Structure formats: structure tokens, C-alpha cells
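A closer look at the structure
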Amino acid sequence: EYWTPRMFAGSILNLEPGTTYECRFMLSDPDGVEGSAEQTVTVTTRSEPKIYHGGRTLHVYPPGYDGPREGPSFTGLKEAYYGPGGGDWNVVREKPVQPGDVILVHAGLYKADYSDYVNPYNIPFHGTYVLTIDGTEEKPIVIKGAGDGEAIFDGNGAYRLFDVMAADYNYFEDITIRNTDIAFYAGLKEVLGCSGLVMRNCRMEEVGIGSGHKHLFFNLQPALRQLQLFQKKEEENSILSVALDRIRKKYGYGMITPAITLPTVAQA
């Protein structure tokens, strides 16, 4: 058992990332205060995660794309992440992604028929991108929309789309995720959980909650450490401002969003 000490806890909002603040706290009580009623402390907020600019840039295109390509280019995310070849069927991976690499996902629809075990996405049977390569805090692995149009990962009804519970410091930016119960499966209590997961400027459509209140969009279980939200700009849409339609139809409780853009950076 763990017993928390007697204490007060709270939050200070609307702070800038990577900034030092002097904070003054004043305690008042109608019955009087024992000891000092005022305390001043200096604190520094965490900096917003940054992309490492000394790694490789890998370009991903959807299957069936026949236009011009930037190199090195790959068909589907798994081929860039784990290297070309047979994907999960390979005993030895060929040139997998390395810490500091940036994978640019070019415009198009990435939607697998996961009942076909030889589909070009290399996500057979379950339709999940199981990602297991670690980046570091200084050199994260970044999966980012290339900026030439919307890069859409459609889960085709899969239970979870990205399983990153064994992949530390993987960043996801500027992509659209839709049609899946759990967008990012980031940890399982008493089993495993990732660190350094970042989701920035991602749009989610028809993304559900796995089970109960412990799952918001990302299945953030207690196995995750140091969850922090970096607010980039104020918008009505936030990670908690969601509609209830689909979850009521499917589960009868909880929260779901038919479409939401995350203006925040979520880091675990």
C-alpha cells in the first residue's frame, strides 16, 4: 500500500513551455495557519518535444501510388519502419528506422484489408501497426505527414491501430486517424508501457474508446509515465471536449468524437 502525505495539490494553467516561473503560494484558514502561510518557489515547465534534424528522411507512399517519388521511398509505413522485404515475416530486418529518423507520410489513404495476410501494409489478421523500435529523448523517431495533402490512416474497424507500448520516443504529427476503437495503444497495466510518446496536430475521426473511463483517445493506461499536455493554442476542441453519440450506441456510456483535431501535444 502507498499512503499519500497530507498536502495540497493543484495546477497552474496557460504557462509557456520551457519557461521558468517564480510562483507564490498563500495558505489561508479561518482557524489560523500553523507555520508559514506563504511560500515562493521557482519552477520550470518542460519544453515542447522537438524533432532531431540530423537523421535520415524516409518517404512513405500508399500502395497503388504511381506518381513521382522522393527517395528513399517505401510503400506503406511498416516497410519504412522495419525495412523493405517481408515485413513481419523477415527473420532479419533490413535497414530498420533508427533514432533521429523522420518518416514523412505522403498524401493518400492507408487502409489495409487485414483479412489478406499478404497485404502490402504488412498488418495481417488484426490490422494493427505494431511498432517496437525505440527512439531517444534527443533523437526521437518521427512519423509525420509530408505536407502534400492529407495522410489518412484508416483502421478499417480494427480494435487498435497503432500499438506503441514497446516503442519509446515515437512521435506522430500531422496525420489523420480514423475508423478504429483505439488510436494509440500505449500501455497495458502491469504488462508494459511506453515513454516519450508524442501526438501533435493529429486529426481523429470515428475513433472510439476501448473500455471505460481509463481510455480517452489513446488508451493511456497507468503503465504510462509522465503524461503531459503542451497547449499550443486555445480552441474549443480539446482532448476532453468530445461528443457522446457513437459510444452511447456501442457501449451505452463514455465519450467519443466523430471528428476532432488535437491542437495540443500529448506526451507520455
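Up top is the structure these notes are about.
Now for a quick tour of the structure. In this text, all values refer to a predicted model and were calculated from it rather than measured experimentally.

1. Things to note about the overall build of the chain
- Across its full length, the chain carries two helices and 18 strands.
- The buried share of the chain, taken over its 268 residues, is 40%.
- Across the chain, the fraction of contacts at a sequence separation of at least 24, relative to all contacts at a separation of at least 6, is 70%.
- A total accessible area of about 14900 Å² is found for the chain, and carbon and sulfur atoms account for 51% of it.

2. Observations regarding the packing of aromatic side chains
- Here the structure, examined in full by the defined rule, presents ten aromatic pairs.
- Joined through ring pairs, the aromatic side chains of Tyr110, Tyr129, Phe153, Phe162, Phe172 and Phe184 make up one cluster.

3. What about the pattern of salt bridges?
- Tallied over the entire structure, the rule returns ten salt bridges.
- Ionic pairing is found between Asp154 and Arg178, a salt bridge with its closest N-O pair at 2.8 Å. Residue Asp154 is found in strand S9 (residues 151-163), and its partner Arg178 is found in strand S11 (residues 176-185); the two are separated by 24 residues along the sequence.
- Classification of Arg178 by relative accessible area gives partly exposed; the value is 24%.
- Salt bridges sharing partners connect three or more residues here, namely Glu48, Lys144, Glu173, Asp174 and Arg200.

4. Examining the layout of surface pockets
- In this structure, the second largest pocket encloses a volume near 340 Å³.
- For the second largest pocket, the full set of lining residues is Phe8, Ala9, Gly10, Ser11, Ile12, Phe25, Met26, Leu27, Ser36, Ala37, Glu38 and Gln39.
- Of the residues belonging to the lining of the second largest pocket, the class tally is seven nonpolar, four polar and one charged.

5. Digging into the side chain of Glu173
- As for its placement among the helices and strands, Glu173 is situated in strand S10 (residues 170-173).
- Note on Glu173: relative accessible area 4%, which makes it buried.
- Separated by 2.5 Å, the side chains of Glu173 and Arg200 make a polar contact.
- Discounting residues that sit within four places of it in the chain, Glu173 has contacts with Ile51, Val142, Ile143, Lys144, Gly145, Arg200 and Cys202.

6. Quick word on the side chain of Lys78
- For Lys78, the location among the structural elements is in helix H1 (residues 77-82).
- In this structure the side chain of Lys78 is engaged in a polar contact, spanning 2.9 Å, whose partner is the backbone oxygen of Asn122.

Calculation notes
- Residues numbered from 1 in each chain as written.
- Predicted model: local features only at pLDDT ≥ 70, side-chain atom pairs only at ≥ 80, totals over all residues.
- Heavy atoms only, no water.
- Helix = DSSP H or I, 4+ residues; strand = E, 2+ residues; numbered from the N terminus.
- Buried < 20%, exposed > 50% of the residue type's maximum accessible area, 1.4 Å probe, protein only.
- Contact = heavy atoms within 4.5 Å.
- Areas by Shrake-Rupley, 256 points an atom, 1.4 Å probe, with all protein chains shown as cover.
- Phe/Tyr/Trp six-rings, centres within 6.5 Å; stacked < 30°, edge-to-face > 60°.
- Salt bridge = Lys/Arg side-chain N within 4 Å of Asp/Glu carboxyl O.
- 1 Å grid on protein atoms, 1.4 Å probe; cavity = no way out; pocket = protein on both sides within 12 Å on 5 of 7 lines; lining within 4 Å.
- Points joined across faces, edges and corners; volume = space filled by probe spheres on them.
- Nonpolar A, V, L, I, M, F, W, Y, C, P; charged D, E, K, R; others polar.
- Polar contact = N/O pair within 3.5 Å; in protein donor to acceptor, adjacent residues only side chain to side chain.

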